[in-house]
Structures are given as C-alpha cells and as structure tokens.
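# Chain and residue survey
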Amino acid sequence: MSAKSGPQLPVLDGKVAAAGSGCHGGKERMRAEAAAAGKGEALEQLERDYPLGPHDQPQGMCPAFGSLRVGLRMRRTATVLSGSACCVYGLTFTSHFYGARRTVGYVPFNSETLVTGQLFEDIKQTMHDLADPERYDAIVMTNLCIPTASGVPLELLPDEINGVRIIGIDVPGFGVPTHAEAKDVLAGALLRYARKEASSGPVAKPDEVERSRPTVTLIGELFPADPIGIAALLEPMGMAVGSTVPPREWRELYAALDCTVAAATHPFYTASVREFKAAGRPVVGSAPVGAEGTAAWLKAVGAAAGIDAKTIGRAVDGAAKATAGALARTPIRGRIHVSGYEGSELLVARILAEAGAEITHVGTALPKTPWSDPDREWLEARGVNVTYRASLEQNLEAYRAHEPDLAIGTTPLVQAAKEDGTPALYFTNLISARPIFGPMGAAGLSEVINGAVGGRERLNHMRTFFEGVGTGHATGYGWTEPPERRLSAKERNARARGGESSTGTKAKKREKKPAKARAKKAKKSKSATDASSAEATS
C-alpha cells in the first residue's frame, strides 16, 4: 500500500493536526488535535476511568512507564512503542533500570510519515514482522502522545496475525494521569481480549489452575510474597488465590476471569474491574491489612463467594488473632506522614495506624473509587485527612503543618524532609516493595519504619557535616532567577585587549603581520652581518 493510501491526518484550525505542535505543544492543544483526529471517544473513556483532580494532573513520571512495565513482565509478549525518540529512550532506560530483561520495540516517525499516514502502515508492517507464534502469544503496540494526538488508528490493526494476538493501546500523557493507572489501561485491554476469546469458544488451559476450590483473583501489581500470604488467609474458608492481574503470561488471564471473586486490592484498576463485572464476577474492595482490615476483607470475600457464616467466622477469628499478635510484637511509635503515587497509600497508612503510629495525612496521586471507600472511611473515622489526586505541593504543605517523626513519600518530598532533618523513606522502593497483607505484612513494615524513626540523630549529624553543600553559590542547578551569562574565553580576551579579539580569524590575521615583519627584519639583519664580515675579511 502506498504512503498516501494510509489513514490521513485531520485538519485543525487550517493546519495538519500533528504538523505544528510536537510533544511540547501544550496539553489542551494535543487533546483538541486527538479529538479532531478521531480519538475523542478513547479520550472520553480515559476521563471516565481516570478522573482528574482540581489541580489537573499529579506530578510524576511518564504514565506510559506503567503499561510498558506490565508488558515487559509478561512472558512470550512483545512490547512496541511509537512516540518521540526522546520519550522512547527515557521509557526504555527507566524500564531496564527497574530490571526489565526484554527488548522494547520502536516504530519511529517523522513529519512526512505522520502527515501521509505512513506511520500506521509502518506499525502494521512491524506487527507482521514480529508475529511469530513460536516466540509470542501477543504483541502490545502502544501509542504515546504524538501518535495519539495525530489519530494513528491502532484499532484498525488486525486482531491477530499468524495466531499472535495484537493489542493496541493509547497511553498519552495528556490522557492518562499516572503511571499506576496506565498499568490498568493495558491490564483492562488484555482482559477484554481474553474475555472475548473465552466467550467465543474453548481456550488454552492455564499451566497452573485451581479447580477444586473457589478462587480469588487479586487485582493490582503485588509484592511476590503477597499472594502466598493471602492464600494462607483464604485457606480456612476453603478458598484459594487463583491468579493475579496484571498477569505474567497470557493463559493466566483465563484463570483470572474464571474466578469466584475478584479482589480490587489496588482500587484504581477501573478498566479491569469493568471486565470482571462483564464476566459476571463480584468485586470486593480494600485488602487484608491490619487486624481489623483483614477481618473485614475476609468477611466480604466469603460473603461474595457464598461461604457459610460459621466457616467465615472461624477464618476471620484465626486471621485477626494472628495479625493482631504480629502487630503487638512489633509496635510502631511516632507521627507519620504518608503519600505516594503507587495507589496503595491508604492500605499502608491503615496498617501503620493499627501498629500504633499516629498518621497525620495520607496523600495519593490516584483518584477516589468505590474500592478504596472502606479504607478511607476507616482512616477518616480516626481523624486522618485523606487527599486523592494529591499534588506535591499539597503533600509538602501537610508535612510541614504536622511536623511528623517520619515522612513517607515521593523523591522530592523525601528530599525536602531530609533537608529539614526529618527522617524520610521513598514510598515506591522502600514501602510498596514489601509485603503488607496479613500477619506477614504486619511484621514486615515495622523494622524499616522503626529504624527510620530512630535514625533522626544520625541524619542530623550528617546534615551538620554537609552544612552549606548544595546551597547558595554551591547550588549547582535549580536557578530561581535567570543565571548570569558568562563570557566565553574569546570574549574575555577581547575585553582585556580593549575590544580586539585575541582568538579566531581576526587574531590569526593580526598574528601573521608581525611574523612577516620579523622575518623581513631578520633577513635585513643577516644581510648586514654578512656585509660586515666581508669588510672585515678584506
């Protein structure tokens, strides 16, 4: 097919949609271009699934990192991006920094391929080139900002090629607020495809599937030990953990949809929840955190699964007693600020509160959903302020107002707290990367939290040692005013010589003249010397 026969870009205000804006053209401009290019319905669905807060959008990394991370963790799955080269480089670098060991595909473009529609043809050809059923079960093709704003229609790609599934998603920074929600964009697309497959006929049997007991699918990217701990809580009710979403391979999606109950342990997976409801599966919110949270969650799961009250009661009593015992053995003392952009902030705050900590504020970059209501209500009943779609400025204001013994948050908040001499922990790497459910979670957080709270004296000793570094004239970057322009070496030399340049072409011409004069003078001197010698000889 020729370049001119591909999908054409629309015209907006007399200009081709992608021709003048680029990825720095402004959010509203790009949204308008995307709508004009036929992506209006897709953007409206993103707005419904991931509503924005009053400050428009939280500060954080490129949202496409979330969906890219999900795709790269799946076996027998190829992941391909189309977007600005700088964006693809950054996403690829970050993914491999966090341990991805799979190649990231890239379909580049330029102004011509965007305008003519050739980019879509290039993407389509890439899908055909990659579609090897010996290597892949699926290919995930992701549009970043520019292709989305330009209306590149991934929905026109074949559903499968050579038996390899083709999953096309749009993850623009101007449409998906956070990287956590981008995980749900891909997870929901995977579930939707798998659900349609299962409704159309027999599908491949998952490698490991629980058939003898009712199962619970866990929705959310969990610490690897968490499903094991939750399975131990469910076992007294005769239930088991069936699968997790996002999955690690395609067949797990069938097991996930075939569950008895879906548990939205991370409450922002709106698209995924929609697919479970379409499959006729009940969904429960919250998670088994702390003694009270574990008891309430087991009751909700048992009731949704139709387990008799007596069996549920025995399971609840045993789990609540074990969790309470773990909390009592490892109490947490101190006033703690909790914030982050992972989506499990309310769960972490709840377990810390049950362990004895005073929680002053919980800020999450994620939106309010029905699946977080149990945790929000529990925290607010204890006087904790919960802020959804919290910005960095809101979290900093809350931190400074309450003067906590420990601040848990994103990198800039942690930096600000440590500059003040307050111990602080990065939520993503040091908190969310630990088990938090049941007795195991109760014991798992106390060591790192208590260690950080007890490190204030050491932190302040370091502050004293490094006092003045990175401040004032030693700041290095982060100017609050336009920096003073420094003269180049050429300009400094010119100024020292009254305006004449001492380097460059003019200087070289100036240097050549004295050299010639010196040579001429040396020649005359030599002639005079030779003449004198001749006279003396005669």
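Here is a short report on the structure shown in this document. (Residues numbered from 1 in each chain as written. Predicted model: local features only at pLDDT ≥ 70, side-chain atom pairs only at ≥ 80, totals over all residues. Heavy atoms only, no water.)

## Structural notes on the sheet that holds strand 11 (residues 283-284)
The strand order 9-8-10-11 describes an open sheet built from four strands, whose pairing is parallel. One side of each edge strand has no neighbouring strand; the edge strands of this open sheet are strand 9 (240-245) and strand 11. As defined by bridge partners, strand 8 (residues 215-219) adjoins strand 10 (residues 261-263) across three bridges and the pair is classed as parallel. Each residue of the ladder has a partner; that of L218, found in strand 10, is A263. (Pairing = 2+ DSSP bridges. Helix = DSSP H or I, 4+ residues; strand = E, 2+ residues; numbered from the N terminus.)

## So, the side chain of S150
With respect to the helices and strands, the residue S150 is situated in the loop between helix 6 (145-149) and strand 6 (160-161). With a relative accessible area of 2%, S150 lands in the buried category. A polar contact of 2.8 Å, which involves the side chain of S150, links it to the backbone oxygen of I146. (Buried < 20%, exposed > 50% of the residue type's maximum accessible area, 1.4 Å probe, protein only. Polar contact = N/O pair within 3.5 Å; in protein donor to acceptor, adjacent residues only side chain to side chain.)

## With respect to the nonpolar core
In terms of nonpolar packing, the biggest core is built from 75 residues, with I167, W250 and F276 touching the most fellow members. Looking at this core element by element, the count peaks at ten residues for helix 7 (residues 179-200). The contacts of I167, once residues within four sequence positions are left out, are I139, V140, M141, L186, A189, L190, Y193 and W250. Ranked by size, the runner-up nonpolar core spans 57 residues in total, among them V241, A320, L379 and F427. (Core = buried A, V, L, I, M, F, W, Y, C linked by side-chain atoms within 4.5 Å. Contact = heavy atoms within 4.5 Å.)

## A short note on the packing of helix 15 (residues 392-402) against helix 16 (residues 411-419)
The N-to-C vectors of helix 15 and helix 16 enclose an angle of 30°; their axes lie 10 Å apart at closest approach. Between helix 15 and helix 16, the interaxial angle falls into the category roughly parallel. Note that helix 15 runs across helix 16; the crossing there is right-handed. Only P412, L413, A416 and A417 of helix 16 make contact with helix 15, whose side of the interface consists of L392, N395, L396, Y399 and R400. Class assignment for the residues of the contact of helix 15 with helix 16 results in seven nonpolar, one polar and one charged. (Axes fitted to C-alpha atoms, helices over the stretch in contact; angles between N-to-C directions. Parallel < 35°, antiparallel > 145°, perpendicular 65-115°, else oblique. Left-handed = near helix turned anticlockwise from the far one by under 90°. Nonpolar A, V, L, I, M, F, W, Y, C, P; charged D, E, K, R; others polar.)

## Considerations on the sheet that holds strand 12 (residues 335-340)
What holds strands together in a sheet is hydrogen bonding between their backbones, with the strands either parallel or antiparallel. What the five strands build is an open sheet, ordered 14-13-12-15-16; its pairing is parallel. A single partner strand is all that each edge strand has here, and the edge strands are strand 14 (385-388) and strand 16 (424-426). In this sheet, neighbouring strand axes are inclined to one another by 10° on average, regardless of whether the strands run parallel or antiparallel. Inspection of the sheet shows strand 13 (residues 358-364) paired to strand 14 by four bridges, in the parallel sense. The residue bridging T364 from the neighbouring strand is Y388, located in strand 14. Docked against the sheet, helix 13 (residues 345-354) engages strand 12, strand 13, strand 14 and strand 15 (406-409), running at close to 175° with respect to strand 13. Sitting on the sheet, helix 18 (residues 438-453) touches strand 12, strand 15 and strand 16, and the angle it makes with strand 15 is about 125°.

## So, the pattern of salt bridges
Counted by the stated rule, this structure contains 18 salt bridges. Between R69 and E221 there is a salt bridge, with the nearest N and O atoms lying 3.1 Å from each other. Highlighted residues: R69 in helix 2 (residues 64-72) and E221 in the loop between strand 8 and helix 8 (226-234), separated in sequence by 152 residues. Both residues of the pair, R69 and E221, belong to the buried class. We note a salt bridge from E380 to R376, for which the minimum N-O separation is 3.1 Å. Taken together, the residues E380 and R376, both in helix 14 (residues 373-380) and four residues apart, mark about one turn of the helix. (Salt bridge = Lys/Arg side-chain N within 4 Å of Asp/Glu carboxyl O.)

## Notes on unusual backbone geometry
For the peptide bond that leads from V245 to P246, omega is 5°, which places it in the cis range. Tracing the backbone shows P246 in the loop between strand 9 and helix 9 (251-257). At S286, a residue that is not glycine, the phi angle is positive and equals roughly 60°. Here S286 falls in the buried class, since its relative accessible area comes to 6%. Of note in the backbone geometry, E403 takes a positive phi value of approximately 45° without being a glycine. The topology assignment puts E403 in the loop between helix 15 and strand 15.

## Describing the pairing of strand 7 (residues 164-170)
With six of seven residues buried, strand 7 is to be regarded as a mostly interior element. Across six bridges, strand 5 (residues 138-143) lies against strand 7 in parallel orientation. Bridging from a neighbouring strand, T142 pairs with I169 of strand 7. Across two bridges, strand 6 lies against strand 7 in antiparallel orientation. If you follow I161 over to strand 7, its bridge partner there is V164. Count of turn residues in the strand 6/strand 7 antiparallel hairpin: two residues, of which N162 carries a positive phi of about 55°.

## Re a nonpolar patch on the surface
Taken together, the side chains of Y89, F93, F97 and Y98 present a nonpolar region at the surface, about 500 Å² in accessible area. As for its position among the elements, Y89 is in helix 3 (residues 85-97). (Patch = residues over 30% accessible without salt bridge, like charges linked within 9 Å, V, L, I, M, F, W, Y side chains within 5 Å. Areas by Shrake-Rupley, 256 points an atom, 1.4 Å probe, with all protein chains shown as cover.)

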